[in-house]
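Close look at the chain arrangement
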Amino acid sequence: MILIALFITLVFFQCLVSGRLSRTVITPPILFVTMGMIAFLLFPNLPKRDGSLQVFLRVAEAGLVLLLFTDASRTNLQVLKNIQALPARLLSVGMLMTLFLGTVAGLIVFRQFTLWEAGILSAILAPTDAGLGQVIVNSPRVPMKIRQALNVEAGLNDGLSVPFLLFFIALASNASEAQDVHLSRLILEQLGYGIVVGALIGFAGGWLLERARRLGWMAESYIQVGVVTLPLLCGVASEAAAASMFIAAFVAGLTVQACFKEAGKHSVEFAEDWGQFFNFSVFFLFGMLVARDWRDFTPACFVYALLSLTVVRMLPVAVSLIGTRLSLPTQLFMGWFGPRGLASIVLGLVYLEQETHQPGESTIRLAVMVTVLLSIFAHGMSALPGINLYAAKIAALDAGAPEHEDEGAL
């Protein structure tokens, strides 16, 4: 009860000063992680050692599912149609190269790792975080096509990472059964089934909501509740279909707009608010875990974290954008703002839940914690200065630059 009271009080305080904080470099994740660390120092006996892993995982999954659905439902489909090449580049060439470089970096930094353990670490840290990137996505000073591309990338790359993570876990768990592990099948199940589940729930749910609203069957106050059930249904249905709930939730958020156009205007408020509440709790608990385990952090963990947030992220983005004519400031901006946060925490928990007991399991856990911790502070504190610098750079570009295309029409 002490822990719950501390967290609820902190949420209330954050609400009181949210307007002031939005004009500073102190983001909500920074605040809740910091307070989580302080809470552990004050009450070191509160968290049980991995005793609540299942609960922690479910809370984190629920928060991520709600966040992905919310972000997708607010995505301008016309803009997405015009910029479809950018997300495709980031999610194909960029994603695969990120996995490859992350694996290579893991083998170099952690000499004791097997190939599959390095692959596990790379897959956990490959996805970017939609929540930590909200400052970028919501800023009108960033060109629409750039922020929407980053939003779509963050919405889908966590789901794309899941089959690779499961593939590496299966190989690391029992090399003798490697011939029975098929990456293509995992991708089909996680990605293909996820798209189908999300599309069905999004289209059907949107059509039913719009139909009930027009017929006057549904009270206005219940629209928000009706919308929030859609991403939760995606989570339940995905579990049954062996699909990625994250892919399903994001696709549902995109497709619900086809039948229920008001989803992105006002009906996602409930989902967004509760998604944020779940996310705050995850970052608060993450801060407590960091305070508990910080003595185990090694220099190698910090070296890998720095590589993961720079070379492993920025080089693939630069390569994937070859031929787009986007300026160097844009490439650097998109490369840097690929924060690691909630998605990596969820995938890390998925890995720990498997209980593979690999020799490198503890190192993987610590490396993920250090990388996410550095990302929360580095990306959070550089967001506003980065936007200001980037806006000044692109303002000096010619009117015909790719960054300015379609801006007037939007």
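Up top is the structure.
This structure is a prediction, so every number in the text was calculated from the model and none was measured. (Residues numbered from 1 in each chain as written. Predicted model: local features only at pLDDT ≥ 70, side-chain atom pairs only at ≥ 80, totals over all residues. Heavy atoms only, no water.)

Quick notes on the nonpolar core
Core analysis: the largest hydrophobic core is formed by 81 residues, its most contacted members being F32, I120, L121 and F286. With residues up to four places along the chain from it excluded, the contact list for L121 reads F110, F113, Y304, I364, A367 and V368. (Core = buried A, V, L, I, M, F, W, Y, C linked by side-chain atoms within 4.5 Å. Buried < 20%, exposed > 50% of the residue type's maximum accessible area, 1.4 Å probe, protein only. Contact = heavy atoms within 4.5 Å.)

What about the side chain of N157?
Along the polypeptide, N157 turns up in helix 9 (residues 144-173). According to the relative accessible area criterion, N157 is buried, its value standing at 1%. Within the structure, N157 has its side chain in polar contact with the side chain of T128 (distance 2.9 Å). Not counting residues within four places of it along the chain, the set of residues in contact with N157 comprises L91, M95, A126, P127 and T128. (Helix = DSSP H or I, 4+ residues; strand = E, 2+ residues; numbered from the N terminus. Polar contact = N/O pair within 3.5 Å; in protein donor to acceptor, adjacent residues only side chain to side chain.)

So, the pattern of salt bridges
Within this structure, the stated rule accounts for five salt bridges. With a shortest N-O distance of 2.6 Å, R313 and E153 are connected by a salt bridge. Taken together, the residues span a long stretch of sequence, with R313 in helix 15 (residues 311-320) and E153 in helix 9 at a distance of 160 residues. The residues R313 and E153 share a single accessibility class, namely buried. Among the ionic pairs, R214 bridges to E210, the shortest N-O distance being 2.7 Å. Taken as a pair, R214 and E210 lie in helix 10 (residues 183-215) at a separation of four residues, close to a single helical turn. Given the relative accessible area of 68%, R214 is considered exposed. What makes E210 buried here is its relative accessible area of 10%. Among the ionic contacts, a cluster of salt bridges with common partners joins E210, R213 and R214. (Salt bridge = Lys/Arg side-chain N within 4 Å of Asp/Glu carboxyl O.)

Section: the side chain of R313
Residue R313 is classed as buried on the basis of its relative accessible area of 4%. Separated by 2.6 Å, the side chains of R313 and E153 make a polar contact. Among the polar contacts listed, one links the side chain of R313 to the backbone oxygen of G335, at a separation of 3.2 Å. Not counting the four nearest positions on each side in its chain, R313 is found in contact with T128, L150, E153, S308, M334, G335, F337, G338 and R340.

Here's the deal with a nonpolar patch on the surface
A contiguous nonpolar surface patch, about 480 Å² in accessible area, is contributed by I2, L6, M35, I38, L42 and F43. If you list the elements that add at least two residues to the nonpolar patch, you get helix 1 (2-16) and helix 3 (28-42). In terms of residue count, the dominant contributor to the nonpolar patch is helix 3 (three residues). Inspection of the secondary structure puts L6 in helix 1. Accessibility expressed as a relative area gives 31% for L6, which makes it partly exposed. (Patch = residues over 30% accessible without salt bridge, like charges linked within 9 Å, V, L, I, M, F, W, Y side chains within 5 Å. Areas by Shrake-Rupley, 256 points an atom, 1.4 Å probe, with all protein chains shown as cover.)

Examining the packing of helix 11 (residues 223-241) against helix 12 (residues 245-259)
Following both chains from N to C, one finds helix 11 and helix 12 inclined at 140 degrees, their axes separated by 9 Å at the closest point. Relative to helix 12, the element helix 11 lies oblique. Like other packed secondary-structure pairs, helix 11 and helix 12 cross with a definite hand, here right-handed. Between helix 11 and helix 12, the contacting residues are L230, C234, G235, S238 and E239 on the first element and M245, A248, A249, A252 and V256 on the second. Considered class by class, the residues forming the contact of helix 11 with helix 12 number seven nonpolar, two polar and one charged. (Axes fitted to C-alpha atoms, helices over the stretch in contact; angles between N-to-C directions. Parallel < 35°, antiparallel > 145°, perpendicular 65-115°, else oblique. Left-handed = near helix turned anticlockwise from the far one by under 90°. Nonpolar A, V, L, I, M, F, W, Y, C, P; charged D, E, K, R; others polar.)

Geometric descriptors of this kind do not, in isolation, establish any biological role.
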